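# Structure at a glance
Spelled out from the first residue to the last, the chains are:
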Amino acid sequence: MKEYPVLGNKDTRSGFGDGLTELGKSNPKVVALCADLTGSLKMNQFENDNPERFFQVGIAEANMIGIAAGLTIGGKIPFTGTFANFSTSRVYDQIRQSVAYSNKNVKICASHAGLTLGEDGATHQVLEDIGMMKMLPHMTVINPCDYNQTKAATIAIADHVGPVYLRFGRPKMPIFISENTPFVIGKALLLNEGTDVTIVATGHLVWPAIEAGKALAEKGISAEIINIHTIKPLDEEAILKSVAKTGCIVSAEEHQIAGGLGESIAQVLSRNNPLPQEFVAVNDSFGESGSPAELMEKYGLDTPNIIAAAEKVITRK
Amino acid sequence: MHDTSLIELSDFCSQVRRDIVRMVHAVASGHPGGSLGCTEYITALYQSEMNHSADKFDMDGKGEDLFFLSNGHISPVLYSVLARTGYFEVNELNTFRKLNTRLQGHPTTHEGLPGVRVASGSLGQGLSVGIGAALAKKLNNDSGIIYTLHGDGEIQEGQIWEAALYAAGNKVDNIISCIDYNHKQIDGDIDDVLPLGDLKAKWEAFGWQVMEMDGNNMEQVIATLRQAKAATGKGVPIMLIMKTEMGKGVDFMMGTHKWHGSPPNDEQLKSALSQLEETLGDY
């Protein structure tokens, strides 16, 4: 099992904030909008550096999405920032018509996604956002896994023409992707080569997948670990190449099974190479208050669950 | 304004109205009522008051005035005016609402129709988009003005009021919005569905400068638009409350909400066309 030393401990939202700060310096077309969550989204530095290119819209997310769509008419590249729930379900029709259908170059940047938002509870813990966003034609959907990858993704999406949904989170997480790893939209990252089982993980589940890989190696199971940061367009080739070798797959994500990365993978398998798959994801349930670690354990999204899923899917080969 | 140009604009409107009823009749679907009511306004913008370029459409519209139709269901009037202003061939009006057309039921950028900069149809979104385009103009030091049009029923949508707060609070003063106040929506009279109350007082309370006009009186429309343009750049967004008659120009379509989204049959078309002079040639 390849070693992934922990390079630090930071929240992915800080990766977004620092990426945006860099874009503020490097790309004069980039503008940012926020719905009263500047601190939570780590957008303060961009605001301080570029007050004329920062738009505080207040608690009015629908208006924010519309203004962002309008700003593209005139050549701006708007980044909107609020919690994932208010970035998606609250404004789905605005995104659908004014951004996706109109194919506007808007970057919808969403923090506090999933259960790891923690104590605020289910009203804020959106677990359906990947599904909603990936269903929209024209939309690119990205869920990076650590601070470095989130920063790189933030910078990369400014150069991509078209609507993007960028999803990240609140808690501090280990940094394990090196800062010089290039971020290529739609390209999977092979983290570990293996032969017995493929584990595909996205977002906050990538680090637990690496930990699961270590534990499986100690049990004599060779896990191939793939980081999918771009859920749409999905790197089908990387997935099919891996399962051709391992014969089974586990998908792991902080999202509902319905609509998630695992569902996209199941579609690829059923069309090309039907093989057993296990889903590490939330199973048709809302979240609740609790610490991130407690919630990930209770809802079956931690390292032991990935290990168990890998062992189970191998028996189904 | 010279009388001759008023006559020309009036002739243009008559032809646009013919186009509208013929378009919706041809596919037995579409929204003639609001289209007929807004004919003077859209004509005044594209034929007289907006600084725009029909022959080389550019999405960013730098240096131009831009119009956003937020109540996208009145697409027939927009399509007719755009075509007859030179954005695309007038014959293309033939394809309205048909398979593979660029003239979708509601306006969209998806098929690349020149003159359309954002999709509309799901109501309440165009004011926000217009504000965004206005902010981009300010960032680009572009003196162009943004125009938006909304149905009166449409402003029952909450997003409109989010946008209203934003524009006034942030001194977006390069936008001239307009409400088509025909007092009717699909289910009936506004007052029976969801009353708007004192519309002028509401927009003024939100910090907008409000001007009122008779939207079916071309001279008044032109004069009010010029007054509105002169009032831009003073720190306040501008709202035109435009009284119109739904179905204007076709006697049996006026005074009722029933022609909001209903096309005429063959006989009704004949009657409608007999009331509207063919001035520029039918497509």
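Residue numbers here run from 1 along each chain, matching the order of that chain's written sequence. To read the labels, note that chains go from A and ligands from 1, taken in the order they are written. Restriction of local features to residues with pLDDT of at least 70 applies here, the model being predicted, together with a cutoff of 80 or more for giving and counting side-chain atom pairs; totals for whole chains, interfaces and linings are based on all residues.

### Focus: the overall build of chain A
Strands are runs of DSSP state E lasting at least 2 residues, helices are runs of H or I lasting at least 4, and numbering of each runs from the N terminus. Helix and strand content of chain A: 12 helices and 14 strands. Relative to the compact-globule value of 20 Å for 317 residues, chain A shows a C-alpha radius of gyration of 19 Å, a close match. Whether two residues are in contact is decided by their C-beta atoms, placed from the backbone, lying within 7 Å. Sequence separation of at least 24 residues holds for 81% of the intrachain contacts in chain A that already meet a minimum separation of 6. Restricting the calculation to C-alpha atoms gives the radius of gyration, and the globule rule supplies 2.2 Å times the number of residues raised to the power 0.38.

### Some points on the overall build of chain B
Within chain B, the regular secondary structure consists of 10 helices and 7 strands. In terms of its C-alpha atoms, chain B occupies a principal-axis envelope of roughly 50 × 45 × 40 Å. The burial criterion counts other C-beta atoms lying within 10 Å of a residue's C-beta, which is placed from the backbone; the residue is buried at 20 or more, exposed at 12 or fewer, and partly exposed between these limits. In chain B, which comprises 283 residues, the share counted as buried stands at 51%.

### Some remarks on unusual backbone geometry
Of the consecutive residues Lys232(A) and Pro233(A), the connecting peptide bond is found in the cis state with omega at 0°. Positionally, Pro233(A) belongs in the loop between β12 (230–232) and α9 (236–246). Its identity as a non-glycine residue notwithstanding, His183(B) has a phi of 70°, on the positive side. For His183(B), the position within the fold is in the loop between β3 (175–181) and β4 (184–185).

### Structural notes on the interface of chain B and chain A
Contacts between chain B and chain A engage 28 residues on the former and 22 residues on the latter. Contributions of two or more residues to the side of chain B that touches chain A are made by α5 (126–139) and α6 (158–169) of chain B.

### With respect to the pairing of strand β14 (residues 277–282) of chain A
A regular strand places its side chains so that they alternate between the two faces of the sheet. All names here are of chain A. A large share of β14 lies buried, amounting to 6 of its 6 residues. If DSSP finds at least two bridges between two strands, the strands pair. Both strand β13 (residues 249–256) and β14 contribute to a ladder of 5 bridges, which runs parallel. Paired with Ala-252 across the strands is Val-280, a residue of β14. For the handedness criterion, the β-α-β arrangement of β13, helix α10 (residues 261–272) and β14 is classed as right-handed. Orienting the strands away from the viewer, one traces the path from the first strand over the helix to the second; a clockwise path indicates a right-handed crossover.

### A look at the pairing of strand β10 (residues 197–201) of chain A
All names here are of chain A. For β10, a buried count of 5 out of 5 residues is recorded, marking the element as mostly surrounded by other parts of the structure. Burial of β10 is two-sided: the residues Val-197, Ile-199 and Ala-201 facing one way and the residues Thr-198 and Val-200 facing the other way are all buried. Handedness of the crossover joining β10 and strand β11 (residues 223–227) through helix α8 (residues 206–218) is recorded here as right-handed. Where β10 lies against β13, 4 bridges are found, and the strand directions are parallel. For Val-200, the partnering residue across the bridge sits in β13 and is Ser-251.

### Looking at the sheet that holds strand β9 (residues 189–192) of chain A
Residue and element names in this part refer to chain A. The 5 strands lie next to each other as β9-β11-β10-β13-β14, forming an open sheet whose pairing is mixed. This sheet does not close on itself; its edge strands, each paired only once, are β9 and β14. Sheet twist, expressed as the average angle between the axes of neighbouring strands with direction ignored, equals 25°. Strands β10, β11 and β13 of the sheet are contacted by α9, whose axis makes an angle of about 155° with β10. Between the N-to-C directions of two axes lies an angle of 0 to 180 degrees, each axis being a line fitted to C-alpha atoms and, for a helix, fitted only over the stretch in contact.

### Here's the deal with the sheet that holds strand β7 (residues 238–243) of chain B
Residues and elements named next belong to chain B. Strand order in this open sheet of 5 strands is β1-β2-β3-β7-β6, and the pairing throughout is parallel. With partners counted over all chains shown, the strands left at the sheet margins are β1 (66–69) and β6 (209–214), one partner each. Neighbour to neighbour, the strand axes of the sheet diverge by 20° on average, direction disregarded. Contacting β3, β6 and β7, helix α9 (residues 218–230) crosses the sheet at an angle of about 165° to β6.

### Some details on the packing of helix α3 (residues 61–72) of chain A against α6(B)
Their axes nearest at 8 Å, the elements α3(A) and α6(B) cross at an angle of 70°. Considered as vectors, α3(A) and α6(B) are oriented roughly perpendicular to each other. Here Ala62(A), Asn63(A) and Gly66(A) of α3(A) lie close against α6(B), whose contacting residues are Gln159(B), Glu162(B), Ala163(B) and Tyr166(B). A per-class count over the contact of α3(A) with α6(B) returns 3 nonpolar, 3 polar and 1 charged. Put simply, angles under 35 degrees are roughly parallel, angles over 145 are roughly antiparallel, angles from 65 to 115 are roughly perpendicular, and the rest are oblique. In this classification, Asp, Glu, Lys and Arg are treated as charged, Ala, Val, Leu, Ile, Met, Phe, Trp, Tyr, Cys and Pro as nonpolar, and every other residue, Gly included, as polar.

### Thoughts on the nonpolar core
Among soluble globular proteins, nonpolar side chains are generally buried collectively. Working definition: the nonpolar core is a set of buried Ala, Val, Leu, Ile, Met, Phe, Trp, Tyr and Cys residues, joined through C-beta atoms within 7 Å. In this structure, Leu166(A), Ile199(A), Ala209(A), Val250(A), Ile306(A), Ala310(A) and Ile131(B) are the most contacted members of the largest nonpolar core, which totals 182 residues. Broken down by element, the residue count for this core peaks at 8 residues, all from helix α1 (residues 3–27) of chain B. Each domain span listed reflects an automatic or database assignment of domains. Taken domain by domain, the makeup of this core includes at least three residues from each of domain 1 (9–175) and domain 2 (189–315) of chain A.

### Details of the domain arrangement of chain A
Domain parsing of chain A yields domain 1 (9–175) and domain 2 (189–315). In this assembly, 28 residues from domain 1 of chain A lie in contact with 31 residues from domain 2 of chain A.

### A few points about the packing of α1(B) against helix α4 (residues 75–85) of chain B
A packed helix pair is summarised by two numbers, namely the angle formed by the two axes and the spacing between the axes. Residues and elements named next belong to chain B. Where α1 meets α4, the closest approach of the two axes is 9 Å, and the angle between their N-to-C directions is 125°. By the criterion of interaxial angle, the relationship of α1 to α4 is oblique. α1 and α4 meet at a crossing whose hand is right-handed. Residue-level contacts link Phe-12, Gln-15, Val-16, Asp-19, Ile-20, Met-23 and Val-24 of α1 to Pro-76, Val-77, Ser-80, Val-81 and Arg-84 of α4. In this scheme, a crossing is called left-handed if the near helix is turned counterclockwise away from the far one by less than a right angle; it is called right-handed if the turn is clockwise.

### Things to note about the environment of Leu123(B)
Residues and elements named next belong to chain B. Here Leu-123 is to be found in the loop between α4 and α5. Taking the C-alpha atoms as reference points, Leu-123 and Gly-151, 28 residues apart in sequence, are found 8.7 Å from one another. Each residue touching Leu-123, except ones within four places of it in the same chain, is listed here: Asn-71, Glu-154 and Glu-157.

### Considerations on the confidence of the model for chain B
Overall, the prediction assigns chain B a mean pLDDT of 97, with 99% of residues at 70 or greater. Confidence metrics for the complex model read pTM 0.97 and ipTM 0.97. Residue-level confidence of the predictor is what pLDDT reports, using numbers from 0 through 100.

### Some thoughts on the environment of Ile175(B)
Residue and element names in this part refer to chain B. Within the element layout of this structure, Ile-175 appears in strand β3. Take Ile-175: there are 25 C-beta atoms within 10 Å of it, and that puts it in the buried class. For the pair Ile-175 and Gly-144, spaced 31 residues apart in sequence, the C-alpha to C-alpha distance is 9.2 Å. Setting aside residues no more than four positions away along its own chain, Ile-175 makes contact with Gly-130, Ile-131, Ala-134, Ile-146, Thr-148, Ala-167, Pro-237 and Ile-238.

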